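Take a look at the letters that make up each chain.
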Protein chains: 2
Amino acid sequence: MAESGGGGALTRRGLLIGIGAAGGAGAMYAAMGALGLAPSEQDKDFTAPRTGDFTLRGKGSAKVVIIGAGVAGLTAAYELGKAGYDCTLLEARQKAGGRNLTLRGGDRLTELNGPAQDVKFGEGVYFNAGPGRIAPWMVTLDYCRELGVPIETFVNNNAAAYVHTNGSTVRARTARADMYGYVAELLAKATDLGALDRVVSKNDQETLLDFLRRFGDLGPKLEYEGSDRRGFAKFPALDAGTPVAAPGSLHQILAAGTGRAITSDFGYEQATPMFQPVGGMDAIVTKLVEAVGQDRITTGAKVTKITSLADGVEVVHSGGAVKADYCVATLPPHLLAKIPHNLGARVTAALSKPVPAAAGKIGLEYGRRWWEQEDRIYGGVTETDLDITHIWYPSHGYHSERGLLVGYYNTDADAELYAALTPEDRRRRALTQGKKIHGEKYRQDVLASASIAWERQEHIQGGWVRWPAFDSSFTLLQRPAGRVYFAGDWLTHLIAWQAGAMESARGAVTQLHQRVLQSP
Amino acid sequence: MAESGGGGALTRRGLLIGIGAAGGAGAMYAAMGALGLAPSEQDKDFTAPRTGDFTLRGKGSAKVVIIGAGVAGLTAAYELGKAGYDCTLLEARQKAGGRNLTLRGGDRLTELNGPAQDVKFGEGVYFNAGPGRIAPWMVTLDYCRELGVPIETFVNNNAAAYVHTNGSTVRARTARADMYGYVAELLAKATDLGALDRVVSKNDQETLLDFLRRFGDLGPKLEYEGSDRRGFAKFPALDAGTPVAAPGSLHQILAAGTGRAITSDFGYEQATPMFQPVGGMDAIVTKLVEAVGQDRITTGAKVTKITSLADGVEVVHSGGAVKADYCVATLPPHLLAKIPHNLGARVTAALSKPVPAAAGKIGLEYGRRWWEQEDRIYGGVTETDLDITHIWYPSHGYHSERGLLVGYYNTDADAELYAALTPEDRRRRALTQGKKIHGEKYRQDVLASASIAWERQEHIQGGWVRWPAFDSSFTLLQRPAGRVYFAGDWLTHLIAWQAGAMESARGAVTQLHQRVLQSP
């Protein structure tokens with residue numbers, strides 16, 4: 001699934017494909033065995049470096065300094081470590097993980113130019129302040145499997161959640177049923193009027209009408225008359241139940257503007273179902289750190305200079321300097337751009353292209369899961385047109401006493417607005433907004449909160465970045481500059497996803513390992 | 001949410017509402033306190049009997065014989081037990097639970113006129129042979145909470161699962177994107193052609209087009225040109241990925257007949273997300289039996305006669321006879337109809353109305369979760385037009401070694417077809433069908449299987465029943481006949497759901513308890 005990111009050099013994979021073409025799969029697998037390789041079930045396109053690679057070629061591994069112990073840096077160290085590379089990680093923050101940050105009671109969260117927050121969540125309650133969900137096709141799940149991080153379903157789409165737009169709140173199921181009902185009715189009408197006769201055959205029109213009847217739950221006259229899909233004030237039981245109030249007119253439904261909520265999981269990145277590690281996203285970091293070795297990571301090490309030499313690299317940091325054969329730099333590009341280096345003006349220019357984007361979240365802890373008990377919302381997301389954008393309900397710990405909602409997860413202007421506030425004011429604003437949907441209990445019953453403004457996190461300073469275009473600057477940085485490789489989600493088409501950081505690390509590792517194997 | 005099922009008699013709830021109307025909420029809650037009641041957070045419409053009810057009225061509880069220890073019978077015993085009723089349950093089968101049946105290695109499944117199956121699943125593998133999923137609004141979840149049955153998400157809709165129709169297999173995400181793309185394009189075209197001018201204002205047409213653009217991922221000309229929502233042969237990573245082959249024509253998409261799969265979770269019963277008990281559906285039965293007391297349940301007791309007397313009931317069974325003050329009969333109606341009784345001809349006639357429906361399932365165990373590793377399907381359902389109807393992938397134990405698929409879950413003619421086969425032939429047929437979707441590994445790699453044909457399960461003999469109409473026979477049996485009350489999913493509008501059995505039991509309990517409290 002993932003691309004190896006290899007360049008023009010003959011890769012092992014290319015070699016094996018050559019053998020496969022000449023001698024068939026049997027010969028290829030035999031050759032892989034000889035190379036100390038086993039076919040990976042997880043990812044057909046990436047082969048981790050192995051010690052056997054060196055045995056065959058009669059050479060040793062190399063020393064690598066990795067700048068940043070976020071997900072990209074940890075993944076690079078983990079993969080290189082499989083072949084015995086001697087990796088050192090320099091992390092400017094006080095702990096590894098980068099944006100993969102899970103907050104729990106007892107944690108202290110500092111901000112650039114702002115007050116620190118002491119997190120006061122109860123036992124067992126956590127807040128994924130960074131990434132919170134994983135799509136099933138993403139390499140992140142492969143790492144969860146390989147590292148033994150248990151996963152569970154993350155509910156990304158919930159028919160029982162709400163849509164709050166233009167001041168009105170309806171259940172997602174109701175918004176969807178009404179929109180689909182009217183769309184189906186209108187297209188059925190247009191078909192009946194002959195509007196499609198030139199482009200759709202009569203037979204196909206019949207098939208289309210069958211679909212529309214089902215899609216919109218249309219009545220016998222192919223009109224939308226409401227539907228039990230909209231939900232009930234009292235669900236069926238001993239009697240047939242009491243439906244919610246009848247749908248509004250087409251004009252009202254269109255004016256409600258619920259469309260964005262309806263299509264929120266249509267894309268390949270957020271399609272249902274999604275997944276999360278049991279107990280918090282940082283379980284991935286914990287396992288990566290364990291595998292890499294905590295002793296390889298120096299925290300609080302702020303890099304001040306990167307020099308690529310003929311025979312190695314030198315990285316100067318706040319606590320000293322590290323010499324190594326190669327470097328993998330995984331800092332966000334806008335921070336990397338500020339560090340003096342000798343990698344050339346093109347690299348400097350390329351690093352300055354991506355634009356950091358603001359992103360923020362607040363975790364709100366309650367002592368009672370009223371959203372389950374009263375609203376019957378078990379996981380999922382309420383979409384809003386308020387500045388909080390979303391409310392996330394927890395997809396775990398169902399029926400337990402406490403629970404944590406994500407009271408906003410917003411980006412860009414909305415995130416900047418909240419970032420400019422004190423944590424106390426962010427909370428107040430988020431509660432005022434959420435109260436419009438959930439009523440007074442949302443404001444009054446909150447026990448504890450913690451908010452993050454990623455652009456105010458030291459040594460990160462942004463939720464993610466955006467490239468104005470995936471141009472030659474992007475591809476330039478996907479290749480090494482001297483002995484320095486770059487990695488991070490920002491060097492992939494999976495920006496803002498951990499999978500991007502992992503894929504990028506794999507790409508850098510593959511290139512670096514090829515070079516080491518091919519070096520004289 | 002649930003209705004109490006009370007009849008014409010003055011109910012406590014009616015009384016309390018009266019007090020509430022006269023004295024306000026404060027007076028109502030004071031009265032509830034005096035009655036030994038606390039307001040239920042779970043279900044505003046059902047109040048479980050409590051011992052305090054009797055204290056107030058200076059009378060004792062009664063003895064109740066319950067026929068059937070399925071979910072309805074157990075729920076009735078559980079709720080009556082809260083007020084100290086002396087309940088005895090007569091269960092014809094060898095264990096409690098009825099259709100809530102979870103099979104594990106070591107179990108033996110017998111069938112009417114067929115060979116027994118020795119279940120050989122590995123450690124930790126289970127097969128929910130009966131109900132498998134719970135909607136969040138259902139009272140079943142309240143019982144899970146109250147009884148301490150941990151729940152987890154059941155993935156009911158998976159964009160990565162397949163749709164197999166008319167001999168072709170595509171991912172659900174692809175089928176959906178294509179159908180929505182063309183529907184959006186056609187309606188946009190019709191709008192542009194003026195076909196809707198008489199029914200939709202120009203302003204609304206603009207709003208509609210905005211929605212259609214988003215809904216169908218239309219291009220700038222409002223045409224469907226494919227979409228990355230369809231999925232990728234290689235997902236984006238270091239490069240933008242390789243999309244799956246371009247969509248077929250409208251004619252081809254319509255001819256593929258994928259519509260049923262697209263709308264499968266639109267209804268209120270199966271909307272995403274759904275839930276399941278951790279470790280198997282029978283966790284509910286286990287906890288109910290624990291709460292009721294195993295010693296109150298006589299298994300292997302086949303009832304042969306029910307007599308309602310002036311001062312009690314007599315129930316004769318294969319192991320003796322039980323006298324009690326009241327009876328709750330929870331057998332399926334078509335079996336109850338065959339038991340001699342003195343409840344009158346109208347009852348006999350009413351019991352004969354519901355028609356049993358066939359339903360069947362097969363569990364297929366594999367030693368490797370190839371659907372996760374190769375197909376990236378984590379939970380969810382593949383919809384087919386084959387006689388297997390569905391394939392369910394497990395929503396739990398992700399990344400573990402073994403796993404169990406449901407290889408068919410079918411009803412009516414398809415279920416009858418499989419029911420008529422030996423277990424070995426059912427397995428062979430199911431594997432031949434599933435192989436059309438998943439290839440040879442589906443057939444070759446299966447380790448163990450077990451299949452159920454509910455109409456061949458002794459003392460159950462059907463998946464569920466259907467009423468030709470919810471007529472006076474239905475409402476007749478919602479009321480007692482003499483001292484005999486009826487309960488079961490078949491007496492609700494939630495047929496085939498455990499929630500129906502539970503709601504019905506609550507209804508019977510409420511009526512019975514009122515009668516006891518009001519009896520002289």
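Sequence positions are assigned chain by chain, starting from 1 and proceeding in written order. The naming scheme follows written order: chains are lettered A onward, ligands numbered 1 onward. In view of the model being predicted, local features appear only for residues whose pLDDT reaches at least 70, and side-chain atom pairs are presented and counted only at 80 or more, with totals across whole chains, interfaces and linings using the full set of residues. The side-chain figures draw on all heavy atoms in the structure; neither hydrogens nor water molecules are used.

Peer 1: Please explain the relation of the copies chain A and chain B as it appears in this structure.
Peer 2: Think of it as a corkscrew move, a rotation about one axis and a shift along it, taking one chain copy to the other. Fitting of the copies onto one another was done by least squares over C-alpha atoms, counting residues only where both copies have pLDDT of at least 70. Its rotation angle being 180 degrees, the transformation that places chain A on chain B also includes 0.0 Å of axial translation and leaves an RMSD of 0.0 Å. The transformation relating the two chain copies, once decomposed into turn and shift, fits a two-fold axis. For chain A, the residue whose C-alpha comes nearest the rotation axis is L187(A), separated from it by 2.7 Å.

Peer 1: Would you mind showing me how to read the packing of helix α6 (residues 202–216) of chain A against helix α5 (residues 172–192) of chain B here?
Peer 2: For any two helices packed against each other, one specifies the crossing angle of their axes together with the interaxial distance. To define axes, lines are fitted to C-alpha atoms, for helices over the stretch in contact only, and angles between the resulting N-to-C directions are given on a 0 to 180 degree scale. Helix numbering and strand numbering both begin at the N terminus, where a helix is a DSSP run of H or I of at least 4 residues and a strand a DSSP run of E of at least 2. Contact pair α6(A) / α5(B): the axes reach a minimum separation of 12 Å and the direction vectors enclose 105 degrees. Here α5(B) runs roughly perpendicular to α6(A), going by the angle between their axes. Of α5(B), the residues touching α6(A) (which contributes L208(A), F211(A), L212(A) and F215(A)) are M179(B), Y180(B), V183(B) and L186(B). Residues of the contact of α6(A) with α5(B), tallied by class, amount to 8 nonpolar, no polar and no charged. These descriptions rest on fixed angle ranges, namely under 35 degrees for roughly parallel, over 145 for roughly antiparallel, 65 to 115 for roughly perpendicular, and the rest for oblique. Throughout, a residue-residue contact means that at least one pair of heavy atoms, one from each residue, lies within 4.5 Å. For this classification, Asp, Glu, Lys and Arg are treated as charged, while Ala, Val, Leu, Ile, Met, Phe, Trp, Tyr, Cys and Pro are nonpolar and the rest, including Gly, are polar.

Peer 1: What is the right way to look at the interface of chain A and chain B in this model?
Peer 2: Frequently, the measure chosen for interface size is the accessible area that the parts lose on association. Contact with chain A, which involves 83 residues of that partner, is made by 83 residues of chain B. Carbon and sulfur atoms make up 68% of the area that chain A and chain B hide from each other, which totals about 7,600 Å². Per-residue buried area on chain A facing chain B is highest for L238(A), Y268(A) and R376(A); these three make up 11% of the total on that side. We count a salt bridge whenever a side-chain nitrogen from Lys or Arg sits within 4 Å of a carboxyl oxygen from Asp or Glu. Taken together, the connections running from chain A to chain B amount to 2 salt bridges. Under the rule applied, a polar contact is a pair of N or O atoms within 3.5 Å (in protein, one hydrogen donor and one hydrogen acceptor; residues adjacent in sequence only if both atoms are side-chain atoms). At the junction of chain A with chain B, the criterion picks out 18 residue pairs in polar contact (both at pLDDT 80 or more). Broken down by secondary-structure element, the contributors of at least two residues to the side of chain A that touches chain B are α4 (139–147), β7 (151–154), α5 (172–192), α6, β10 (232–234), α7 (250–256), α8 (259–262) and α17 (498–518) of chain A. A per-element tally of the side of chain A that touches chain B places α5(A) first, with 8 residues. For the side of chain A that touches chain B, the per-class residue count stands at 44 nonpolar, 20 polar and 19 charged. In this description, buried area is defined as the sum, over both parts, of the accessible area (probe of 1.4 Å) that is lost when the two are combined.

Peer 1: How should the sheet that holds strand β14 (residues 303–308) of chain A be read in this particular structure?
Peer 2: Pairing between sheet strands relies on hydrogen bonds along the backbone, with the strands arranged either parallel or antiparallel. Residues and elements named next belong to chain A. By the convention used here, strands pair only if DSSP detects at least 2 bridges between them. Sheet architecture is open: 3 strands sit in the order β14-β15-β16, paired in antiparallel fashion. Whereas interior strands pair on both sides, the edge strands pair on one side only; in this sheet they are β14 and β16 (320–324). Direction aside, the axes of adjacent strands within the sheet are offset by 15 degrees on average. By the bridge criterion, 5 bridges tie β14 to strand β15 (residues 313–317) in an arrangement that is antiparallel. Its bridge partner lying in β15, I306 is registered against V315.

Peer 1: Whenever I open this one, the side chain of T140(B) confuses me. Can you help?
Peer 2: Locating T140(B) in the fold gives a position in helix α4 (residues 139–147). A residue is classified by how much of its surface remains accessible, and T140(B), at 1% relative accessible area, is buried. Only protein chains enter the accessibility calculation, which uses a 1.4 Å probe; a residue is then buried when its area is under 20% of its type maximum, exposed when over 50%, and partly exposed in between.

Peer 1: In this structure, what is going on with the sheet that holds strand β2 (residues 86–91) of chain B? I would like to understand it.
Peer 2: All names here are of chain B. One open sheet holds the 5 strands; their spatial order is β13-β2-β1-β17-β25, and the pairing between them is parallel. On the outer flanks of this sheet lie β13 (297–299) and β25 (484–486), each paired with one strand and no other. Neighbour to neighbour, the strand axes of the sheet diverge by 20 degrees on average, direction disregarded. Bridge analysis of strand β1 (residues 63–67) against β2 gives 5 bridges, and the strand direction is parallel.

Peer 1: How should the UniProt feature "domain: Amine oxidase" (unreviewed entry) in chain A be read in this particular structure?
Peer 2: UniProt positions are given in the numbering used here, feature names are shortened, and annotations may be inferred rather than shown by experiment. Within this numbering scheme, the UniProt entry marks residues 71–512 of chain A as carrying the feature "domain: Amine oxidase" (unreviewed entry). Across residues 71–512 of chain A, the secondary structure splits into 32% helix and 24% strand, with the terminal C-alpha atoms separated by 18 Å.

Peer 1: Explanation requested: empty space enclosed by the protein in the structure shown.
Peer 2: Picture a little ball the size of a water molecule; that probe, rolled over the atoms, points out where space is still empty. Points on a 1 Å grid over protein atoms alone make up a cavity when a 1.4 Å probe fits among them but cannot get out, and a pocket when they form an open set with protein on both sides within 12 Å along at least five of seven lines; lining residues each have an atom within 4 Å of a point. Grid points are joined across faces, edges and corners, and a volume is the space filled by probe spheres set on the points. Summed over all chains, the structure comprises 14 cavities of 30 Å³ or more. Of the volumes computed, that of the largest cavity is approximately 480 Å³. Looking at the lining of the largest cavity, the elements with two or more residues in it are β8 (162–165), α5, α8 and β20 (380–384) of chain A together with β8 (162–165), α5, α8 (259–262) and β20 (380–384) of chain B. For the lining of the largest cavity, the element with the highest residue contribution is α5(B), accounting for 5 residues. Across the lining of the largest cavity, the residue classes break down as 21 nonpolar, 9 polar and 8 charged.

Peer 1: Even after reading the chapter, I still don't get the packing of α4(B) against helix α9 (residues 283–292) of chain B, so can you show me in this structure?
Peer 2: All names here are of chain B. Across the interface, α4 lies against α9 with an axial gap of 10 Å and an inter-helix angle of 55 degrees. It follows from the interaxial angle that α4 and α9 lie oblique. Seen along the crossing, α4 lies across α9 with a hand that is left-handed. Seen from α4, the contacting residues are T140, C144 and L147; seen from α9, they are I284, K287, L288 and A291. Partitioned by chemical class, the residues of the contact of α4 with α9 number 5 nonpolar, 1 polar and 1 charged. Each crossing gets its hand from how the near helix is turned against the far one by less than a right angle, where anticlockwise is left-handed and clockwise is right-handed.

Peer 1: Honestly, the pattern of salt bridges in this entry has me stumped. Any pointers?
Peer 2: Where charged atoms from two side chains of opposite charge approach closely, those side chains can pair. Counted under the stated rule, the structure contains 52 salt bridges over all chains. A salt bridge links R428(B) to D425(B); the nearest nitrogen and oxygen atoms lie 2.6 Å apart. With R428(B) and D425(B) both in helix α14 (residues 423–438) and 3 residues apart, this pair spans about one turn of that helix. Look at R428(B) and you get partly exposed, because its relative accessible area is 46%. Taken together, the shared-partner salt bridges in this structure form one network comprising E79(A), K82(A) and E146(A).

Peer 1: It is not clear to me how unusual backbone geometry should be interpreted in this structure. Could you clarify?
Peer 2: When glycine is set aside, most residues are seen to have a negative phi, and most peptide bonds are trans. For the peptide bond that leads from T272(A) to P273(A), omega is -5 degrees, which places it in the cis range. Within the secondary structure, P273(A) is located in the loop between α8 and β12 (274–277).

Peer 1: Before we go on, may I ask you to explain the packing of aromatic side chains in this structure?
Peer 2: Geometrically, a pair of aromatic rings is defined through the distance of the ring centres and the angle of the planes. Note on aromatic pairs: the rings of Phe, Tyr and Trp (six-membered ring only in Trp) are paired at centre separations within 6.5 Å, and the planes decide the class, stacked below 30 degrees, edge-to-face beyond 60, tilted for the rest. All told, the structure shown has 56 aromatic pairs over all chains when counted by the stated rule. Each ring, one from Y180(A) and one from Y180(B), has its centre 5.9 Å from the other, and the planes form 70 degrees; the classification is edge-to-face. Remark: Y180(B) occurs in helix α5 and Y180(A) occurs in helix α5; the pair is interchain, linking two chains. Taken as a pair, Y180(A) and Y180(B) share a single burial class, namely buried.

Peer 1: Hey, could you run me through helix α3 (residues 71–81) of chain A in this one?
Peer 2: One turn of the α-helix equals 3.6 residues, which is why residues spaced by three or four share an orientation. Residue and element names in this part refer to chain A. Taking burial as the measure, the 11 residues of α3 include 10 buried ones, the bulk of the element. Within α3 the residues assigned to the buried category are V71, A72, G73, L74, T75, A76, A77, Y78, E79 and L80. On its buried side, α3 packs onto β1 (63–67), β2 (86–91), α4, α9 (283–292), β13 (297–299) and α17.

Peer 1: Is there a simple way to think about the environment of A496(B) in this case?
Peer 2: Residues and elements named next belong to chain B. Residue placement: A496 occurs in the loop between β25 and α17 (498–518). In this structure A496 comes out as partly exposed when scored by relative accessible area, which is 33%. Ignoring any residue separated from it by four or fewer positions in sequence, one finds A496 in contact with W464 and D489.

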